[in-house]
Amino acid sequence: MSKILQDLNPQQQEAVKAVDGPVIVFAGAGTGKTRTLTSRIAYMISERKIPPKQILAITFTKKATNEMRERIFKLVGPNAGEVFISTIHAFCASVLRKFIGLIGYKQNFEIIDDEDSVRVLTEIYKERNFDRKAFSPKAAHNIISAYKNGVMPIGGIVNTLFEAYQEYLFDHNLADFDDLLLLVNKLFTLHKEVLEFYQERFRYILVDEFQDTNMTQYEIIKTLGQKYQNVFVVGDDDQSIYSFRGAVVDNMYAFMKDFDNVILVKLTQNYRSSNALLLGANTLIANNVLREKKNLFSTVKGELSDVVVTESQYHEDEVRFVVNEIAYLIRGGVDPNKIAVLYRNNVVSRNFELAFVEARIPYLIYGGFSYLKRREIKDAISYLKFLLEPNNIFHFKRIINQPSRGIGEKTVEKITERCQMYQQSIFEAIDWLHANNPSNKTSALIEFKQLIEKLQKALEQMSLVDFFDYMLEQTGYLEMLAQEDFFESNRVENLEEFKSILYRFEATYGREGLSKKEILHMGFDEILLDETLSVDDKGKGGAVLSTVHSAKGLEFDYVFVVALEEGLFPALREDSDIEEERRVAYVAFTRAKKKIYLSCATTRLIYGRIVRNPKSRFLTEYLMGRKEQEKPEILKTEKLHSDESLRDFHVSDRIYHSTFGYGLVIAVDETTIQVLFERDKSIRKIKKDHPTLRKTLEE
């Protein structure tokens, strides 16, 4: 047997050896998909003597491209360098570099990124007097990109913008990322000699992550492969979770109709998880109708204790259990990098992020910035802080054009200089500028000043949660984000979740008779000025906080899937596809190598409201495949004792108190401890079992 084949299982060997003709591989999670793909290329070169230059391998990330090239090099040596391994966009760019002149562009066309595309649209807005209130340039770009990817139709003003945008790109010899695909498709359709050139050059085509292809990408792949039919695609329909980017899971089923005599292979032996973990995942995904049936299995049996299910009365109990369990694992020697907390929606991350900070557990945010560092949250905080300190030029500069008020940098510089030179307040400088040089810009500044003064008066007249809604509406900030948010990172939802922080501020400090301004000052001191919130630094390592979408393709020893409640997971929206939501759950449940924790809460504070949702149907489905005696017990977290190691206090231990902050234990008796707190240098006596008290991991 070939050395290339000897370490592969029978299913993988079948996929590798079926070199001629169309092949589709349904590769379940953790079944060695990349290994199979690279072994196949090595087998084609070494055993079948296929010239490497005739092989095209399409991946979907640069990282995957590099990994594949390195693996093939180890198997066949320098010949690996002649295989064309590329992302679909890079392949299309190489085609256009040779032949774009045939469709009217110049050979030296420039590829622009999303930020450049927004700048182009901004220029078009100015030249053609488009109304920014209807759509911001960024919102327009998102919609145009979605249209190009087949996600949504366009019409009206957006169609006019689209035509103007494409005209600008053509006139200036520019192409955006989406155009790379569309122009190649156009080139292959209009110029058959170009298509034939590439069909002859690449007689063998391999595509990774096929379930993530969109319609245009599939059309290119199908057209290239029609002549020789040697097309090998590998993917997992059960892990198709990117429809919002244009990915079409139906491409996997269309492939079997569009090509003749397709060989179908299923990879089902899982090398990541035990059968104890896979049983629930198999049962869950079996509820989907639109799928190729397959059951994953492992040679490792696993234990019933590999699955832990918890149900909490309140989301605070869920957070406390997860944090304490992670602290216990780390104290037991588990590398924090091998632990992940996964959620369907970014808004859930806030509670865990703040709890990790309190417990001094190192962590990383995958798929986004730290919650408090996100653009929309920083903007909201700047608005609130400017209301508190209307002479803060830093916050003034951040919010003056959020949303756009047409105030240029030179005008802002004049105000800054006036404040510095004549010791005037920002509002005094605005008044002076308007009185001495009235214009549309200075009128906009006066309106901004009046808006801030109006908001300052309103602040003390309503709850912080209600005021926040009022502020976002009055400033126009929420309307701006709503336009941009359709294909962005849940910015409106992130802002809505900020109300939960304000709710906490008022609940904690409102009973002390403080004004709203004083409450905000104290609240910000507590969560925003704490330097430990900078633990988002990717270089430090730590437990992972991630959306399921961002964790796809990754694996961890210990995985916590949280907020398994109807409305959150699955996310129930009007446009929700319950089968895709179930696939998202399947991806989450197949990330764990050793142990998985599934949790839900009966009551949750979200978007500034207390909500009560039933447990997720996906949690129920996960457990349904087990015999009654094999089902894990659902633990009620409020009845669990906290990790005793975190209650075993000693002199010199570092602790965290949710009200008083960090402190040092200076005395211990049977039931209480005395703590010297850093923030106010006070010494306080506190019961050991007080729920607001937690020992940190820091020695």
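Here's what I pulled together on the structure shown here. The model shown is predicted, which means the values in this text are computed figures rather than measured ones.

**A few points about the packing of aromatic side chains**
Evaluation of the coordinates by the stated rule reveals 26 aromatic pairs. The interplanar angle of 90° and the centroid separation of 6.0 Å between the aromatic rings of Phe 84 and Phe 91 together place this pair among those described as edge-to-face. Centroid distance Phe 91 to Tyr 198: 6.0 Å. Interplanar angle 80°. Geometry classified as edge-to-face. Highlighted residues: Phe 91 in helix α5 (residues 88-99) and Tyr 198 in helix α10 (residues 192-201), separated in sequence by 107 residues.

**Some details on the pattern of salt bridges**
This model, assessed by the stated rule, comprises 39 salt bridges. The residue Arg 291 makes a salt bridge to Asp 238 at a minimum N-O spacing of 2.8 Å. Of this pair, Arg 291 sits in the loop between α13 (275-285) and β9 (307-314) while Asp 238 sits in the loop between β7 (231-235) and α12 (250-258); the two residues are 53 residues apart in sequence, bridging distant segments of the chain. Across the pair Glu 555 and Lys 593 runs a salt bridge, and its minimum N-O distance is 3.7 Å. One end of the pair, Glu 555, is in the loop between α25 (548-551) and β13 (556-561); the other, Lys 593, is in strand β14 (residues 592-606), with 38 residues separating them in the sequence. Residue classification places Glu 555 among the partly exposed residues on the basis of a relative accessible area of 40%.

**Remarks on the environment of Leu 182**
Of note, Leu 182 is situated in helix α9 (residues 177-190). Leu 182 sits in the partly exposed class, given a relative accessible area of 31%. If sequence neighbours within four positions are ignored, Leu 182 has contacts with Lys 148 and Thr 216.

**Thoughts on a nonpolar patch on the surface**
Where nonpolar side chains cluster on the molecular surface, the patch consists of Leu 664, Ile 666, Leu 676 and Ile 683 and spans about 310 Å² of accessible area. Within the secondary structure, Leu 676 sits in strand β19 (residues 672-677).

**With respect to the pairing of strand β1 (residues 23-27)**
Extensive coverage of β1 is indicated by the burial of five of its five residues. Neither face of β1 is exposed, since Val 23, Val 25 and Ala 27 on one face and Ile 24 and Phe 26 on the opposite face are all buried. By the bridge criterion, five bridges tie β1 to strand β8 (residues 263-267) in an arrangement that is parallel. Opposite Val 25, over in β8, you have Val 265 as the bridge partner. Two strands pair when backbone bridges link them, and β1 and β7 are joined in this way by four bridges, in the parallel orientation.

**What to know about the sheet that holds strand β6 (residues 204-207)**
Pairing is parallel in the open sheet, where six strands are placed in the order β3-β2-β6-β7-β1-β8. The sheet is open, and its two borders are formed by β3 (84-87) and β8, each paired with just one other strand. Ignoring which end each strand starts from, the neighbouring axes of this sheet average 15° apart. In this structure, β6 lies alongside β7, joined through three bridges in parallel fashion. Among the inter-strand pairings, Ile 205 is bridged to a residue of β7, identified as Val 231. Running over the sheet, helix α4 (residues 62-76) touches β2 (55-59) and β3 and is turned about 160° from β3.

**Some words on the sheet that holds β19**
The five strands lie next to each other as β20-β19-β18-β17-β21, forming an open sheet whose pairing is antiparallel. Since the sheet does not close on itself, it has two edges, and those belong to β20 (683-687) and β21 (693-695), each with one partner. Strand-to-strand twist across the sheet, computed as the mean angle between neighbouring axes with direction ignored, equals 40°. Here β19 pairs with β20 via five bridges, running antiparallel. Pairing of Val 675 across the sheet is with Arg 684, part of β20. The sheet contacts of helix α15 (residues 349-359) involve β17 (654-657), β18 (661-668) and β21, and relative to β21 the element is tilted by about 65°.

**A word on the side chain of Asp 236**
Among the secondary structure elements, Asp 236 is positioned in the loop between β7 and α12. Non-local contacts of Asp 236, meaning those with residues more than four positions away in its chain, are made with Ala 27, Gly 28, Ala 29, Gln 211, Met 252, Lys 294 and Tyr 586.

**A word on helix α23 (residues 491-509)**
Over its 19 residues, α23 extends 28 Å from the first C-alpha to the last, a length consistent with the 27 Å expected when each residue adds 1.5 Å. Looking at α23, one finds that the buried residues are Arg 491, Val 492, Asn 494, Leu 495, Glu 497, Phe 498, Lys 499, Ser 500, Ile 501, Leu 502, Phe 505 and Tyr 509.

**Regarding helix α2 (residues 10-17)**
Three or more residues of α2 are buried, namely Gln 12, Gln 13, Ala 15 and Val 16. What you see down the axis of α2 is that its buried residues fit within an arc of 160°, all on one side. Along its buried surface, α2 packs onto α1 (3-6), β1, α3 (33-46), β7 and β8. The N-terminus of α2 is capped by Asn 9, whose side-chain oxygen sits 3.0 Å from the backbone nitrogen of Gln 11.

**Focus on the environment of Leu 514**
Tracing the backbone shows Leu 514 in the loop between α23 and α24 (516-527). For Leu 514, a relative accessible area of 24% corresponds to the partly exposed category. Apart from the residues within four sequence positions on either side, Leu 514 is in contact with Tyr 509, Ile 519 and Met 522.

How each quantity is defined
- Position numbers for residues start from 1 in each chain and track the written sequence from start to end.
- Per-residue local features of the predicted model are confined to residues with pLDDT of at least 70, and side-chain atom pairs are confined, for both listing and counting, to 80 or more; whole-chain, interface and lining totals are unaffected and use all residues.
- The basis for every side-chain value is the complete set of heavy atoms in the structure, and neither hydrogens nor water enter the calculation.
- Centre distance within 6.5 Å is the pairing criterion for rings of Phe, Tyr and Trp, where only the six-membered ring of Trp is used; planes under 30 degrees apart are then read as stacked, over 60 as edge-to-face, and the remainder as tilted.
- In DSSP terms, a helix is any run of H or I states spanning at least four residues, a strand is any run of E spanning at least two, and both are numbered starting from the N terminus.
- The rule for a salt bridge is simple: a side-chain nitrogen of Lys or Arg has to be within 4 Å of a carboxyl oxygen of Asp or Glu.
- Think of it in three bands: with a 1.4 Å probe and only protein chains considered, a residue is buried below 20% of the maximum accessible area for its type, exposed above 50%, and partly exposed in between.
- In this description, contact between two residues means that some pair of their heavy atoms is separated by no more than 4.5 Å.
- Each patch is built from salt-bridge-free residues with over 30% relative accessible area, joining like charges within 9 Å and nonpolar side chains (Val, Leu, Ile, Met, Phe, Trp, Tyr) within 5 Å.
- Reported accessibility uses the Shrake-Rupley method at a 1.4 Å probe radius. Residues are deemed covered only where the shown protein chains occlude them.
- Two strands pair under a simple rule: DSSP has to find at least two bridges between them.
- Only C-alpha atoms enter the line fits that serve as axes; for helices the fit covers just the stretch in contact. Angles between N-to-C directions range over 0 to 180 degrees.
- Helix span, expected: 1.5 Å multiplied by one less than the number of residues in the helix.
- In this description, the arc belongs to the directions extending from the helix axis to the C-beta atoms.
- What qualifies as a polar contact is a pair of N or O atoms within 3.5 Å, subject to a donor-acceptor requirement within protein and to the restriction that residues adjacent in sequence count only when both atoms come from side chains.

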